[in-house]
Amino acid sequence: MFYIRERHIKQTSTKEISRQQQLVHLEMHAFQAQMDPHFIFNSLNAIHHYILTTSTDQASLYLTRFARLMRLIIRNCNREWINLEEDIEALELYLQLEQLRFGTQFDYELEITPEVFQQLTFVPPLIIQPYIQEAIWRRLLLRPTKTGGCLRIRISREHEMLSIRIEDNGVNQGPPAEDAHLSQGITIAAARLEAINERYNMRSGITERELYNEMQQPSGHLVIINMQQIAAREAVM
């Protein structure tokens, strides 16, 4: 009986270490996916263009936002949980920088319902942003008119679940080969959420579906991320 008990403890410990290693591995890859060199280079290029052609004050504003975003990404990459307020700040900085590059090609709306207390709501970092990036690059920027793109993000609370809706009116033409880093970001985000589900016995998931208008023509895409909220999560931080 002693031998069986010791073997069970050893197996449980080995399994937990393996889970921890898998989560660290996924977090490292999520950080690498978000620190996309194309995004960094193009953002700096856009800021440089502002310096040369328009207002240095505007360029300074966007450079400050870029620096703040890089700081948040680096600070949050090794944290398992952050409060929603920090995650939203990083998302808005990312969206503002993308709008700087693409001008009128898309606008975004971000709504957080009153029952969501951002400072007391915790989420894993680097989960939401890959789906927003995919909506912009794979759908909104592919609109034939190159204008009128709309990205709507709505965060609400339904009982013990945090619901994040990401809706766009873009055109889905399939993933180009050069956008492999987008697929990687989505894959890593889904895998991290699954690993966190297993570790904390949570109920969380991601669903996607195409949207159609009254003429049954494609009109956009919807991603819903549902994450169970746990009262004891502050102790995990």
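Here the structure is a predicted model, which is why all the values come from computation and not from measurement.

A. Here's a closer look at the overall build of the protein. Looking only at helices and strands, one finds seven helices and seven strands in the protein. Order of helices (α) and strands (β) in the protein, N terminus to C terminus: α-α-α-β-α-β-β-α-β-β-α-β-β-α. For the protein, the computed accessible surface area is about 13100 Å², with 55% contributed by carbon and sulfur atoms.

B. Representation of the packing of aromatic side chains in the model. Applying the stated rule across the entire model yields two aromatic pairs. For the ring pair Phe102 and Trp137, a centre distance of 5.4 Å and an interplane angle of 85 degrees mean the geometry is edge-to-face. Residue Phe102 is found in helix α4 (residues 84-102), and its partner Trp137 is found in helix α5 (residues 129-138); the two are separated by 35 residues along the sequence. On the basis of relative accessibility, which here comes to 15%, the residue Phe102 falls in the buried class.

C. Geometry of unusual backbone geometry. Although it is not a glycine, Lys146 adopts a positive phi angle of roughly 60 degrees. Within the secondary structure, Lys146 is located in the loop between α5 and β4 (149-158). Lys146 sits in the partly exposed class, given a relative accessible area of 42%. At His159, a position not held by glycine, the phi torsion is positive, near 60 degrees.

D. Geometry of α4. Its 19 residues place the ends of α4 27 Å apart at the C-alpha level, agreeing with the 27 Å of an ideal helix rising 1.5 Å per residue. Burial analysis of α4 places 15 of its 19 residues in the buried class, which makes it a mostly covered element. Looking at the residues trailing α4, positive phi occurs at Gly103, about 55 degrees.

E. Seen up close, the nonpolar core. Residues Leu69, Leu95, Ile132, Ile136, Leu151, Ile166 and Ile225 are the most contacted members of the largest nonpolar core, which totals 45 residues. In terms of residues, this core owes the most to one element, α4, which gives 10 residues. Beyond its immediate chain neighbours, meaning those up to four positions away, Leu95 contacts Phe106, Tyr108, Ile132, Ile136, Leu151 and Ile153.

F. Spotlight on the pattern of salt bridges. The full count for this structure, using the stated rule, is 11 salt bridges. The partner of Glu98 in a salt bridge is Arg101, with the nearest N and O atoms 2.8 Å apart. Note that Glu98 and Arg101 are positioned in helix α4 at a spacing of three residues, about one turn of the helix. Each member of the pair Glu98 and Arg101 is classed as buried. Glu134 is the partner of Arg139 in a salt bridge, and the nearest nitrogen-oxygen pair spans 3.9 Å. With respect to class, Arg139 is no different from Glu134; both count as buried. Bridged by salt links that share partners, the residues Glu134, Arg138, Arg139 and Asp168 form one connected network.

G. Molecular detail of the packing of helix α3 (residues 56-76) against α4. The geometry of α3 relative to α4 is characterised by a closest axis approach of 9 Å and an angle of 140 degrees between their N-to-C directions. What the angle tells us is that α3 and α4 run oblique. Crossing handedness for the pair α3 and α4: left-handed. Contacts between α3 and α4 involve Tyr62, Arg65, Phe66, Arg68, Leu69, Leu72, Arg75 and Asn76 from the former and Glu86, Glu89, Ala90, Leu93, Tyr94, Gln96, Leu97 and Leu100 from the latter.

H. Structural detail: the packing of α4 against α5. Across the interface, α4 lies against α5 with an axial gap of 11 Å and an inter-helix angle of 15 degrees. If you check the angle between α4 and α5, you find them roughly parallel. As for the relative orientation of α4 and α5, their crossing is right-handed in sense. In this structure, α4 uses Leu91, Tyr94, Leu95, Glu98, Arg101 and Phe102 to contact α5, whose residues at the interface are Gln129, Ile132, Gln133, Ile136 and Trp137.

Basis of the calculations
- Residues numbered from 1 in each chain as written.
- Predicted model: local features only at pLDDT ≥ 70, side-chain atom pairs only at ≥ 80, totals over all residues.
- Heavy atoms only, no water.
- Helix = DSSP H or I, 4+ residues; strand = E, 2+ residues; numbered from the N terminus.
- Areas by Shrake-Rupley, 256 points an atom, 1.4 Å probe, with all protein chains shown as cover.
- Phe/Tyr/Trp six-rings, centres within 6.5 Å; stacked < 30°, edge-to-face > 60°.
- Buried < 20%, exposed > 50% of the residue type's maximum accessible area, 1.4 Å probe, protein only.
- Expected span 1.5 Å × (residues − 1).
- Core = buried A, V, L, I, M, F, W, Y, C linked by side-chain atoms within 4.5 Å.
- Contact = heavy atoms within 4.5 Å.
- Salt bridge = Lys/Arg side-chain N within 4 Å of Asp/Glu carboxyl O.
- Axes fitted to C-alpha atoms, helices over the stretch in contact; angles between N-to-C directions.
- Parallel < 35°, antiparallel > 145°, perpendicular 65-115°, else oblique.
- Left-handed = near helix turned anticlockwise from the far one by under 90°.

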